[in-house]
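Structural features, examined
Here is what each chain is made of, one letter per residue.
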Amino acid sequence: MHTAEINAASWVERWDRQQELYVPDRDHVFALMLDIVERVAGVPTRVLDLACGPGGLAWRARTRWPDADVFGVDLDPALMELGRRTLGDTIEWIEADLRDPRWADRLGDEPLDAVLSATALHWLDPDDTARLMATLGKRIRPGGVFANYDTIPPDANTPRLQELAVEFREPTLDPPAADGVEDWAAWWAALAQEPAMTALLAERERRFADRSRRAATTVAEFTTALREAGFTEVGTLRQVADRTLLVAIR
């Protein structure tokens with residue numbers, strides 16, 4: 001499925017701007033994640049951007065490590081196509097559902113040095129997360145690293161802390177759209193006006209039709225899943241409210 005007569009690079013730029021509404025220091029966070037990879041695993045040769053969208057994190061990895069094989073995996077056909085149109089074959093794109101462990105078969109047999117993800121895995125419930133971390137435990141080499149920056153709530157038995165985390169996050173990290181910058185809903189509404197995207201957006205709706213909001217995976221559940229998957233160290237290296245950079249060493 002391919003688009004025609006669309007300025008994909010412009011749409012990706014608009015995507016980045018609306019994402020910065022929710023993560024104002026997005027570039028700093030991405031750079032920090034890449035620094036962590038080098039400090040833990042050295043200069044990587046195989047890197048995966050998990051739930052990559054149009055490939056913002058994958059592109060930064062490719063720029064920093066031009067000799068590395070960089071993969072991006074996502075189920076969203078619209079975002080993936082915009083990424084393909086913008087970044088081309090500098091990234092190896094994999095369209096797959098992370099809830100199905102078979103997605104990793106398309107990575108080949110060589111182990112990964114690093115798996116990165118940003119603001120993308122919060123839709124996974126604890127069982128989904130446990131299966132995904134088990135797959136990563138088999139795919140990341142010993143000494144390799146997993147880093148995930150996302151909204152990760154405190155432990156399930158801390159309802160008041162969860163309320164406070166949302167309260168403290170929203171005014172500082174989720175400001176209203178300003179100066180003409182689109183928010184998430186406005187960006188998707190605008191993209192829907194592109195005739196070239198009609199088929200891809202219809203396919204997106206079909207793929208995500210069964211995805212309702214489920215219980216998010218907490219920090220404790222993430223940590224347990226990573227340790228059970230064979231990661232030797234798991235910890236938080238950055239946190240503002242419930243926006244957490246969780247890092248695990250295989």
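Refer to the structure printed above.
A short tour of the structure in this document, coming up. Computed from a predicted structure; not experimentally measured. (Residues numbered from 1 in each chain as written. Predicted model: local features only at pLDDT ≥ 70, side-chain atom pairs only at ≥ 80, totals over all residues. Heavy atoms only, no water.)

1. Some points on the overall build of the chain
Along the chain, the regular secondary structure elements total 9 helices and 7 strands. The C-alpha atoms of the chain give 18 Å as radius of gyration, which agrees with the globular expectation for 250 residues (18 Å, within 12%). Along the three orthogonal principal directions, the C-alpha set of the chain runs to about 50 × 45 × 35 Å. Residue burial in the chain is summarised as follows: out of 250 residues, 49% are buried. Per element, the accessible surface of the chain, about 11,800 Å² overall, is 51% carbon and sulfur. Of the side chains in the chain, 29 bear a positive and 43 a negative charge, and the two mean positions are spaced by 3 Å. (Helix = DSSP H or I, 4+ residues; strand = E, 2+ residues; numbered from the N terminus. Rg over C-alpha atoms; globule rule 2.2 N^0.38 Å. Buried < 20%, exposed > 50% of the residue type's maximum accessible area, 1.4 Å probe, protein only. Areas by Shrake-Rupley, 256 points an atom, 1.4 Å probe, with all protein chains shown as cover. Lys, Arg positive; Asp, Glu negative; His and termini not counted. Charge placed at Lys NZ, Arg CZ, Asp CG, Glu CD.)

2. Examining the packing of helix H5 (residues 126–139) against helix H9 (residues 219–228)
The N-to-C vectors of H5 and H9 enclose an angle of 30°; their axes lie 8 Å apart at closest approach. As judged from the angle between their axes, H5 and H9 are roughly parallel. The chirality of how H5 crosses H9 is right-handed. Contacts between H5 and H9 pair Pro126, Thr129, Ala130 and Met133 from the former with Glu221, Phe222, Ala225 and Leu226 from the latter. Of the residues in the contact of H5 with H9, the class split is 6 nonpolar, 1 polar and 1 charged. (Axes fitted to C-alpha atoms, helices over the stretch in contact; angles between N-to-C directions. Parallel < 35°, antiparallel > 145°, perpendicular 65-115°, else oblique. Left-handed = near helix turned anticlockwise from the far one by under 90°. Contact = heavy atoms within 4.5 Å. Nonpolar A, V, L, I, M, F, W, Y, C, P; charged D, E, K, R; others polar.)

3. As for the environment of Ala229
With respect to the helices, strands and loops of the structure, Ala229 is situated in the loop between H9 and strand E6 (233–240). Judged by its relative accessible area of 14%, Ala229 is buried. Non-local contacts of Ala229, meaning those with residues more than four positions away in its chain, are made with Met133, Ala134, Gly137 and Arg250.

4. Some words on the packing of helix H2 (residues 26–41) against helix H3 (residues 56–64)
In the contact formed by H2 and H3, the axes pass within 11 Å of each other and the chain directions differ by 50°. When the interaxial angle is binned, H2 and H3 end up oblique. H3 is crossed by H2, and the crossing has right-handed handedness. Every residue of H3 that contacts H2 at Arg26, Asp27, Phe30, Ala31, Met33, Leu34, Asp35 and Glu38 is listed here: Gly56, Leu57, Arg60, Ala61 and Arg64. Class assignment of the residues belonging to the contact of H2 with H3 gives a composition of 6 nonpolar, 1 polar and 6 charged.

5. Here we look at the pattern of salt bridges
Where charged atoms of side chains with opposite charge meet at close range, the side chains can pair. Across all of its chains, the model carries 18 salt bridges by this definition. In this structure, the salt-bridge partner of Arg139 is Asp105, at a minimum N-O distance of 3.7 Å. A residue pair is termed long-range when its members are at least 10 positions apart, and Arg139 in helix H5 and Asp105 in the loop between strand E3 (92–95) and strand E4 (112–118) qualify at 34 residues. Each of the salt bridges in this network shares a partner with another, and the network as a whole consists of Glu81, Arg84, Arg85, Glu95, Glu203, Arg206 and Arg207. (Salt bridge = Lys/Arg side-chain N within 4 Å of Asp/Glu carboxyl O.)

6. Remarks on the nonpolar core
Leu50, Trp103 and Phe146 are the most contacted members of the largest nonpolar core, which has 31 residues in total. Among the secondary structure elements, those contributing two or more residues to this core are strand E1 (46–50), strand E2 (69–74), E4, H5, strand E5 (140–151), H9 and strand E7 (243–249). Excluding residues that lie within four positions of it along the chain, Leu50 makes contacts with Val73, Leu98, Trp103, Val115, Leu116, Ser117, Ala120, Leu121, Leu132, Leu136 and Phe146. Within the second largest apolar cluster, 28 residues are counted, among which are Ala61, Ala68, Ala147 and Leu245. (Core = buried A, V, L, I, M, F, W, Y, C linked by side-chain atoms within 4.5 Å.)

7. Thoughts on unusual backbone geometry
Of note, the phi angle at Thr119 is positive, near 45°, even though the residue is not glycine. Tracing the backbone through its elements, the reader meets Thr119 in the loop between E4 and H5.

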